[in-house]
Amino acid sequence: MPNEEIYGVDYSSTGGVSSTGDILCVEGVDNARQAIRNGLITPLGSYPSVDDEYGSELYTLQGEDLTESQLQALTVHIQNGLLKEERVKEIQDIEVKLTKDGLNAYLHVLLVNDSEEELTLDMEDIYG
């Protein structure tokens, strides 16, 4: 089964348009990666008329000091968000790090077609 059938096709979240003015689309594994990212950076309950369970609770820690326990809480919120994503078969690793470049989450997941994917979530998208 082609990846497009497994992971679907959606409009690109980049806001890009083609030379003919059409909104760009993503498909296959790229769509799975986009869907995972979008689900994590969207506040839980943002779309109650469509799906009140869509999104994550990462925003609940905005404004908090980034202590070790807060980094652990971020990891739990990411894990909970990934568990809701039907394209994710297994969470292999989640690491949330505060570096000189900012706060990042490094995710290693196994998708439903057994494709291993590594994603970096720039937490500035949420806390920036």
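Residues numbered from 1 in each chain as written. Predicted model: local features only at pLDDT ≥ 70, side-chain atom pairs only at ≥ 80, totals over all residues. Heavy atoms only, no water.

**Overview of a nonpolar patch on the surface**
Phase 1 of the analysis: There is a patch of nonpolar side chains on the surface, built from Tyr 11, Val 17 and Ile 23 and spanning about 330 Å² of accessible area.
Phase 2 of the analysis: Along the chain, Val 17 turns up in the loop between β1 (9-11) and β2 (25-27). (Patch = residues over 30% accessible without salt bridge, like charges linked within 9 Å, V, L, I, M, F, W, Y side chains within 5 Å. Areas by Shrake-Rupley, 256 points an atom, 1.4 Å probe, with all protein chains shown as cover. Salt bridge = Lys/Arg side-chain N within 4 Å of Asp/Glu carboxyl O. Helix = DSSP H or I, 4+ residues; strand = E, 2+ residues; numbered from the N terminus.)

**Notes on the sheet that holds strand β5 (residues 116-122)**
Phase 1 of the analysis: Here we have three strands laid out as an open sheet, ordered β3-β4-β5, and antiparallel in their pairing. The outermost strands of the open sheet, each flanked by one partner alone, are β3 (88-99) and β5. In this sheet, adjacent strand axes meet at a mean angle of 15 degrees when their direction is disregarded.
Phase 2 of the analysis: In this sheet, strand β4 (residues 102-111) lies alongside β3 in antiparallel orientation, the contact comprising ten bridges. Residue pairing in the sheet places Thr 99 in a bridge with Gly 102 of β4.
Phase 3 of the analysis: Its contacts with the sheet put helix α2 (residues 28-41) on β3, β4 and β5, and the angle it makes with β5 is roughly 40 degrees. (Pairing = 2+ DSSP bridges. Axes fitted to C-alpha atoms, helices over the stretch in contact; angles between N-to-C directions. Contact = heavy atoms within 4.5 Å.)

**Considerations on the nonpolar core**
Phase 1 of the analysis: Counting residues in each nonpolar core, the largest one holds 24 residues, and the members touching the most others are Ile 78 and Met 123.
Phase 2 of the analysis: Broken down by secondary-structure element, the contributors of at least two residues to this core are α2, α3 (68-84), β3, β4 and β5. (Core = buried A, V, L, I, M, F, W, Y, C linked by side-chain atoms within 4.5 Å. Buried < 20%, exposed > 50% of the residue type's maximum accessible area, 1.4 Å probe, protein only.)

**Quick look at the pairing of β5**
Phase 1 of the analysis: Burial along β5 is one-sided: Glu 117, Leu 119 and Leu 121 are buried, and none of Glu 116, Glu 118, Thr 120 and Asp 122, which face the opposite way, are.
Phase 2 of the analysis: As paired strands, β4 and β5 are joined by seven bridges and run antiparallel to one another. By the bridge assignment for β5, Tyr 106 is matched with Thr 120.
Phase 3 of the analysis: Hairpin connection of β4 to β5: four residues between the antiparallel strands, including Asp 114 at a positive phi of 70 degrees.

**What about the pattern of salt bridges?**
Phase 1 of the analysis: With the rule as written, the count across this model stands at four salt bridges.
Phase 2 of the analysis: Among the salt bridges present, the one from Glu 117 reaches Arg 33, with a minimum N-O distance of 2.7 Å. A residue pair is termed long-range when its members are at least 10 positions apart, and Glu 117 in strand β5 and Arg 33 in helix α2 qualify at 84 residues.
Phase 3 of the analysis: Judged by its relative accessible area of 27%, Arg 33 is partly exposed.
Phase 4 of the analysis: Lys 97 is paired through a salt bridge with Glu 95; the nearest N and O atoms lie 3.8 Å apart.
Phase 5 of the analysis: Judged by relative accessible area, which is 34%, Glu 95 ranks as partly exposed.

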